[in-house]
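# Secondary and tertiary structure notes
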Amino acid sequence: MSTLFTYGSLSLPEGMKTLTGRDFESAAADAEDFERFLLRGKPYPALVRRDGRKTEGRIYFGVDDDTLGVLDKFEDECYVREEISVTVRGGEVRSLAAAAYVLPQDQSELLSRERWDEEKFRAVYLDNYLRMCDSFYRKYP
């Protein structure tokens, strides 16, 4: 079982459940030395290494290999799943390793300068995103 750090659409528990068909225990978390920007022309962000920056997100616990395989198929091919260090917020603050989908430095031309905005994503894109996740789940249960 793995932990997974998410920082965009997958950090919304309803998106994760629709995509995987599972509820995972989760908590708010931060990725130190990473920053999040929208991919050009897309409503989804990418996580890139940036010293001294911090990105808020959500960590999911107990993510099995089958679920990671589904997420690998779902995520855009520009991302690489790698292990990063995150700090879990709330209650007992602790640091731990988690898988995350990160944009490699040599792909940084894919980034815009725009920040991902959860409220805007929910208002404008969430319904279509959940339909897409449901369709994907039905294809790769």
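Everything quoted here is computed from the prediction, not taken from an experiment.

### Describing the packing of aromatic side chains
Applying the stated criterion across every chain, the model contains nine aromatic pairs. Summarising the aromatic geometry, the rings of tyrosine 44 and tyrosine 129 are spaced 6.0 Å apart at their centres and angled 50° between planes, so their arrangement reads as tilted. Taken as a pair, tyrosine 44 in the loop between strand 2 (26–38) and strand 3 (45–63) and tyrosine 129 in helix 3 (residues 118–139) lie far apart in primary sequence, 85 residues in all. Assessed through its relative accessible area of 2%, tyrosine 129 is described here as buried. By way of ring pairs, the aromatic residues Tyr44, Phe74, Trp116, Phe121, Tyr125, Tyr129 and Phe136 are connected into one cluster. Over the ring of phenylalanine 37 we find arginine 113; its NZ or CZ atom is 5.9 Å from the centre of that ring.

### Points about the pattern of salt bridges
Evaluated as defined, the whole model comprises 13 salt bridges. Across the salt bridge formed by glutamate 35 and arginine 50, the nearest N and O atoms sit 3.9 Å from each other. Within this pair, whereas glutamate 35 is found in strand 2, its partner arginine 50 is found in strand 3, the two being separated by 15 residues in sequence. By relative accessible area, which is 7% here, glutamate 35 ends up buried. Between arginine 49 and glutamate 82 there is a salt bridge, with the nearest N and O atoms lying 2.7 Å from each other. Of the two residues, arginine 49 sits in strand 3 while glutamate 82 sits in strand 4 (residues 80–88), which places them 33 residues apart along the sequence. The class for arginine 49 is partly exposed, based on a relative accessible area of 42%. Judged by its relative accessible area of 25%, glutamate 82 falls in the partly exposed class. Through salt bridges with shared partners, a single ionic network connects Glu35, Arg50, Arg53 and Arg115.

Conventions used here
Residues numbered from 1 in each chain as written. Predicted model: local features only at pLDDT ≥ 70, side-chain atom pairs only at ≥ 80, totals over all residues. Heavy atoms only, no water. Phe/Tyr/Trp six-rings, centres within 6.5 Å; stacked < 30°, edge-to-face > 60°. Helix = DSSP H or I, 4+ residues; strand = E, 2+ residues; numbered from the N terminus. Buried < 20%, exposed > 50% of the residue type's maximum accessible area, 1.4 Å probe, protein only. Lys NZ or Arg CZ within 6 Å of the ring centre and 35° of its normal. Salt bridge = Lys/Arg side-chain N within 4 Å of Asp/Glu carboxyl O.

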